[in-house]
Amino acid sequence: MSRQEKDSLGEVEVPDEAYYGSFTARAKDNFDLSGAKPSRELIKSLGEIKVAAARANRELENLEEAKAEAIVSAGKEMISGDYDDQFPLDLIQAGAGTPLHMNANEVIANRATELLGGEKGEYLVHPNDDVNMGQSSNNVVPTALRLASISRSKILMSDLEDLEDALKEKASEFEGVVKVGGYVGVSQCVLDVGFDD
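Before going into details, it helps to say that this report is about the structure given with it. Being a predicted model, the structure only gives us computed values, none of them experimental.

## Overview of the nonpolar core
Right, so step 1: Among the nonpolar cores identified, the biggest contains 33 residues, and L46, I71, M78, F87 and V107 are the most heavily contacted of them.
Right, so step 2: The set of elements that each furnish at least two residues to this core consists of β2 (10–15), α2 (40–59), α3 (65–80), α4 (98–115) and α6 (137–173).

## Things to note about a negative patch on the surface
Right, so step 1: A cluster of acidic residues, D159, E161, D162, D165 and E169, forms a negative patch on the protein surface.
Right, so step 2: Looking at where D165 falls in the secondary structure, it is placed in helix α6.

## Here's the deal with α6
Right, so step 1: Across its 37 residues, α6 extends 53 Å between first and last C-alpha, which sits within 8% of the 54 Å expected from 1.5 Å per residue.
Right, so step 2: What α6 keeps buried is the set S137, V140, V141, A144 and A148.
Right, so step 3: Looking at the buried side of α6, the elements it contacts are α2 and α4.
Right, so step 4: Its side-chain oxygen placed 3.0 Å from the backbone nitrogen of N138, S136 serves as the N-cap of α6.

## A look at the side chain of S137
Right, so step 1: With respect to the element layout, S137 can be found in helix α6.
Right, so step 2: Owing to a relative accessible area of 11%, S137 belongs among the buried residues under this scheme.
Right, so step 3: Within polar-contact distance, the side chain of S137 engages the side chain of T98 at 3.3 Å.
Right, so step 4: Sequence-distant contacts of S137, that is, excluding residues within four places in its chain, are made with A96, T98, H101 and P142.

Conventions we followed
- Residues numbered from 1 in each chain as written.
- Predicted model: local features only at pLDDT ≥ 70, side-chain atom pairs only at ≥ 80, totals over all residues.
- Heavy atoms only, no water.
- Core = buried A, V, L, I, M, F, W, Y, C linked by side-chain atoms within 4.5 Å.
- Buried < 20%, exposed > 50% of the residue type's maximum accessible area, 1.4 Å probe, protein only.
- Helix = DSSP H or I, 4+ residues; strand = E, 2+ residues; numbered from the N terminus.
- Patch = residues over 30% accessible without salt bridge, like charges linked within 9 Å, V, L, I, M, F, W, Y side chains within 5 Å.
- Areas by Shrake-Rupley, 256 points an atom, 1.4 Å probe, with all protein chains shown as cover.
- Salt bridge = Lys/Arg side-chain N within 4 Å of Asp/Glu carboxyl O.
- Lys, Arg positive; Asp, Glu negative; His and termini not counted.
- Charge placed at Lys NZ, Arg CZ, Asp CG, Glu CD.
- Expected span 1.5 Å × (residues − 1).
- Contact = heavy atoms within 4.5 Å.
- Polar contact = N/O pair within 3.5 Å; in protein donor to acceptor, adjacent residues only side chain to side chain.

Take a look at the structure:
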């Protein structure tokens, strides 16, 4: 089953169960390049940005309280991983990552609409006018990538510390064992015994 959504390009069918909308449905057909999908960390980072923006816009009185609260709640659910399956787009896209950015706006808008008593596609909270509210993909996507990289680097650093500890343990365990010194040492041995001819 599907629903009809209408935007500036006309009508498009979107699966009934989808939290994404018309922009994502079109982009799904146009940007199927690598098969790679956005990581959990990247989706989480997009949610964090949207929550922060909604709070700022509410504080600046650019966004009414009820819509802001719904966006924040939907964004928090996205941060928690509730909608990872609603990001069907290829990670390789055109432009500044606008399809990924709009995918996030649509997911949050449709969930926020539900939280306000509406149905997906009804857009009591609009993806552009309310969730996006003038945010540029040129800012949002690189920021999300940076946040995701920082998140991943913490995992990498933890793994590197574990590796360092394991290597120290092995160094201590084999401290008294005579070992070959590696490629340079082996090459030097070959030269020393006259096998260089």
